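# Observations on the three-dimensional arrangement
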Amino acid sequence: MNKVHFVGAGPGDKELITLKGYKLLSDADVVIYAGSLVNPALLEYCKEGCEIHNSAHMDLQEIIDVMEKGIREDKSVVRLQTGDFSIYGSIREQVEDLNKLGIDYDCTPGVSSFLGAASALGVEYTVPEISQSVVITRMEGRTPVPSKESIESFAQHQTSMVIFLSVQEIEKVVERLIEGGYPETTPIAVVYKATWPEEKSVRGTLLDIAEKVKENNITKTALIMVGEFLGENYNNSKLYDKDFKHEYRF
Ligand code: SAH
């Protein structure tokens, strides 16, 4: 029996899918793609006659039904998800339903948008001695966030933070970051549609970013990146220090 293939589409640029994902996509008989965020240009890789479904118009049961029908007909089924499915990808519920049906699946990762956004700005989240951890989080919306994971609690660490799904409430995010402990002068950036042709980014501090985001009409499909990793200060890594042993280099 065929498997359902979950494939990470990457953040937008149609060349940022993996080679393995590309092969699965171009071989697929049935593709279910997340129409609200996957760049439709990726569908140009599909073969002629491939059956394409946009999951933006489907509920979970409808998605599972399409997968099940395809597999029972011995077709190759690809579920194409934005970025990587392990980050806000709703993959768990799909996998659990496939398990109940006895349908096997495999997963091919993608480049998540938080990586696309770092590339857009040419920055490193883990600058030596400035920050060595990255927090990926979101503010609650229709989907709640456990109270132990409040923005304020993560802000206490003043490390690098990437906030998904929250740009529509940038003022509130900023307020909570300051409340949690970041100084008002902390650098912050918002990247809209990283790696898409229409990509846009704004940089500022906690004091002025909300205004800049409004001026640029950014209301969705954006990431908020905050922390001193975006600032002027940096230290060289030990890794390429001339006195450091070469066998540790990678
Ligand atoms: N699985 C995806 C995230 C899905 S949640 C991933 O790995 O990237 C959807 C949210 O991701 C959006 O609201 C936005 O905050 C962010 N996002 C997705 N694609 C983006 C892009 N190209 N640029 C900036 N943010 C993006």
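Preceding this section is the structure that the text describes.
A short tour of the structure in this document, coming up. Given the structure is predicted, the values throughout are model-derived calculations rather than measurements. (Residues numbered from 1 in each chain as written. Predicted model: local features only at pLDDT ≥ 70, side-chain atom pairs only at ≥ 80, totals over all residues. Heavy atoms only, no water.)

## A look at the state of the cysteines
Tallied over the entire structure, the rule returns 0 disulfides. The thiol sulfur of Cys 50 is not disulfide-bonded, and the nearest other cysteine sulfur, from Cys 46, lies at 4.2 Å. Summary of cysteine pairing: Cys 107 is not part of a disulfide, and the nearest cysteine sulfur, belonging to Cys 46, is at 18 Å. (Disulfide = S-S within 2.5 Å.)

## So, helix α1 (residues 19-27)
The α-helix advances 3.6 residues per turn, and as a result positions three or four apart in sequence lie on the same side. For α1, the set of buried residues is Gly 21, Leu 24 and Leu 25. Along α1, the residues classed as buried sweep out an arc of 100 degrees about the axis, all on the same side. Turned more than 90 degrees from where α1 packs its buried face, Leu 19, Lys 20, Lys 23 and Asp 27 sit exposed. Where α1 is buried, its residues touch β1 (4-8), β2 (30-33), β4 (77-81) and β5 (105-108). (Buried < 20%, exposed > 50% of the residue type's maximum accessible area, 1.4 Å probe, protein only. Helix = DSSP H or I, 4+ residues; strand = E, 2+ residues; numbered from the N terminus. Arc of directions from axis to C-beta. Contact = heavy atoms within 4.5 Å.)

## Some remarks on the side chain of Ser 131
Mapped onto the elements, Ser 131 comes out in the loop between α4 (113-121) and β6 (134-138). Residue classification places Ser 131 among the buried positions, given a relative accessible area of 6%. From its side chain, Ser 131 meets the backbone oxygen of Ser 133 in a polar contact 3.5 Å long. One polar contact links Ser 131 to Ser 160, side chain to side chain, over a distance of 2.6 Å. Residue contacts for Ser 131: discarding those within four places in its chain leaves Tyr 125, Thr 126, Thr 159 and Ser 160. (Polar contact = N/O pair within 3.5 Å; in protein donor to acceptor, adjacent residues only side chain to side chain.)

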